[in-house]
Amino acid sequence: MPQERLHYGPTAKVFHWVIVALLAIQLPLGWLMPGVRRGMQPGGAMTLHVSIGMTVLILIVLRFLWRLAHPVAPETSLPGWQRISSELVHWLLYLVVLLTTLSGWMYASARGWTVSLFWVIPLPRVVAEGSSFGRTVGEFHSTLTWVLLGLVGVHVLAALVHLFFYRDRVMHRMLPGTPPI
């Protein structure tokens with residue numbers, strides 16, 4: 001078992017902030033797209049949305065694997081309930097990002113769309129066209145997006161509370177360029 005560190009290293013920080021940036025683009029892009037209708041084919045906005053989603057999927061899997069290989073101990077100065085809730089929110093974020101990206105891919109597959117990664121690499125269908133399973137899972141895509149947004153809100157709020165109210169160094173553990181504590 002790898003030894004836990006007290007801070008996030010540069011690789012974990014890059015994964016974190018690149019995913020944050022992509023989600024900051026992805027969420028508004030998804031909401032501003034026209035509604036999906038029968039017989040609709042994906043246009044440029046949908047291809048971009050799927051491409052960003054696939055990029056996030058790849059990055060969240062890599063980040064998860066990196067976290068398993070390079071665990072970071074919860075901040076020891078926190079009360080027990082904060083350590084537990086922090087760990088819970090972090091693992092839920094990994095799970096919900098993973099499920100949100102996979103459900104979107106399943107939905108596109110079930111609709112029979114031919115989608116590509118940034119108009120270059122065609123993506124395989126992960127469920128058959130017309131699959132009721134794919135369509136059902138895909139319908140949860142929007143719900144999962146709201147769950148993700150709620151978790152991100154809790155995560156950001158907690159970071160800001162630590163920065164401005166508690167004035168501890170919890171948030172500094174993930175800030176770019178911040179030296180280890």
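Preceding this paragraph is the structure being described.
I will try to describe carefully the structure that is included in this document. Just so you know, these numbers come straight off a predicted model, no measurement behind them.

Quick notes on the rules
Residues numbered from 1 in each chain as written. Predicted model: local features only at pLDDT ≥ 70, side-chain atom pairs only at ≥ 80, totals over all residues. Heavy atoms only, no water. Core = buried A, V, L, I, M, F, W, Y, C linked by side-chain atoms within 4.5 Å. Buried < 20%, exposed > 50% of the residue type's maximum accessible area, 1.4 Å probe, protein only. Helix = DSSP H or I, 4+ residues; strand = E, 2+ residues; numbered from the N terminus. Contact = heavy atoms within 4.5 Å. Axes fitted to C-alpha atoms, helices over the stretch in contact; angles between N-to-C directions. Parallel < 35°, antiparallel > 145°, perpendicular 65-115°, else oblique. Left-handed = near helix turned anticlockwise from the far one by under 90°. Nonpolar A, V, L, I, M, F, W, Y, C, P; charged D, E, K, R; others polar. Phe/Tyr/Trp six-rings, centres within 6.5 Å; stacked < 30°, edge-to-face > 60°. Expected span 1.5 Å × (residues − 1). Bend = angle between axes of the 7 residues up to and from the residue. Polar contact = N/O pair within 3.5 Å; in protein donor to acceptor, adjacent residues only side chain to side chain. Salt bridge = Lys/Arg side-chain N within 4 Å of Asp/Glu carboxyl O.

Let's talk about the nonpolar core
Okay, so step 1: Core analysis: the largest hydrophobic core is formed by 16 residues, its most contacted members being I19, L23, V56, V97 and L148.
Okay, so step 2: Breaking this core down by element, the ones donating at least two residues are α1 (10-32), α2 (44-69), α3 (80-110) and α4 (132-166).
Okay, so step 3: The contacts of I19, once residues within four sequence positions are left out, are V56, L59, I60 and R63.
Okay, so step 4: Listed in part, the eleven residues of the second largest apolar core include M33, A108, W113 and V115.

With respect to the packing of α1 against α2
Okay, so step 1: As a packed pair, α1 and α2 sit with axes 9 Å apart at the nearest point and diverge in direction by 155 degrees. Of the possible angle classes, the one that applies to α1 and α2 is roughly antiparallel. The two elements α1 and α2 meet at a crossing, and its hand is left-handed. For the pair α1 and α2, the contacting residues are T11, A12, F15, H16, V18, I19, L22, L23, I25, Q26, L29 and G30 in the first and A45, L48, H49, I52, G53, T55, V56, L59, I60, L62, R63 and W66 in the second.
Okay, so step 2: Of the residues belonging to the contact of α1 with α2, the class tally is 16 nonpolar, seven polar and one charged.

Observations regarding the packing of aromatic side chains
Okay, so step 1: Evaluation of the coordinates by the stated rule reveals five aromatic pairs.
Okay, so step 2: Ring centres of F64 and W91 lie 5.7 Å apart, and the angle between their planes is 85 degrees; this geometry places the pair in the edge-to-face category. With F64 in helix α2 and W91 in helix α3, this pair connects stretches of sequence that are 27 residues apart.
Okay, so step 3: Using a relative accessible area of 32% as the deciding quantity, one classes F64 as partly exposed.
Okay, so step 4: With a relative accessible area of 31%, W91 lands in the partly exposed category.

Let's talk about α1
Okay, so step 1: Here α1 is 23 residues long and its end C-alpha atoms lie 33 Å apart, about the 33 Å a rise of 1.5 Å per residue gives.
Okay, so step 2: Within the sequence span of α1, burial applies to A12, K13, F15, H16, I19, L22, L23, Q26, L27 and L29.
Okay, so step 3: Structurally, α1 contributes buried residues whose contacts are with α2, α3 and α4.

Let's talk about α4
Okay, so step 1: Look at α4: 49 Å from first C-alpha to last across 35 residues, which is about the 51 Å you get at 1.5 Å a residue.
Okay, so step 2: Along its length, α4 shows its largest kink, about 35 degrees, at S142.
Okay, so step 3: Within α4, the full set of buried residues consists of G134, G138, L144, T145, L148, L151 and H162.
Okay, so step 4: On its buried face, α4 sits against α1 and α3.
Okay, so step 5: One side-chain oxygen of the residue at the start of α4 lies 3.3 Å from the amide nitrogen of F133, identifying that residue as S131.
Okay, so step 6: Looking one or two places after α4, you find R167, whose phi comes out positive at around 55 degrees.

Overview of the pattern of salt bridges
Okay, so step 1: Applying the stated criterion across every chain, the model contains one salt bridge.
Okay, so step 2: Across the salt bridge formed by R67 and E87, the nearest N and O atoms sit 3.3 Å from each other. Highlighted residues: R67 in helix α2 and E87 in helix α3, separated in sequence by 20 residues.
Okay, so step 3: The exposure class assigned to R67 is buried, which follows from its relative accessible area of 6%.
Okay, so step 4: Overall, the relative accessible area of 22% leaves E87 in the partly exposed class.

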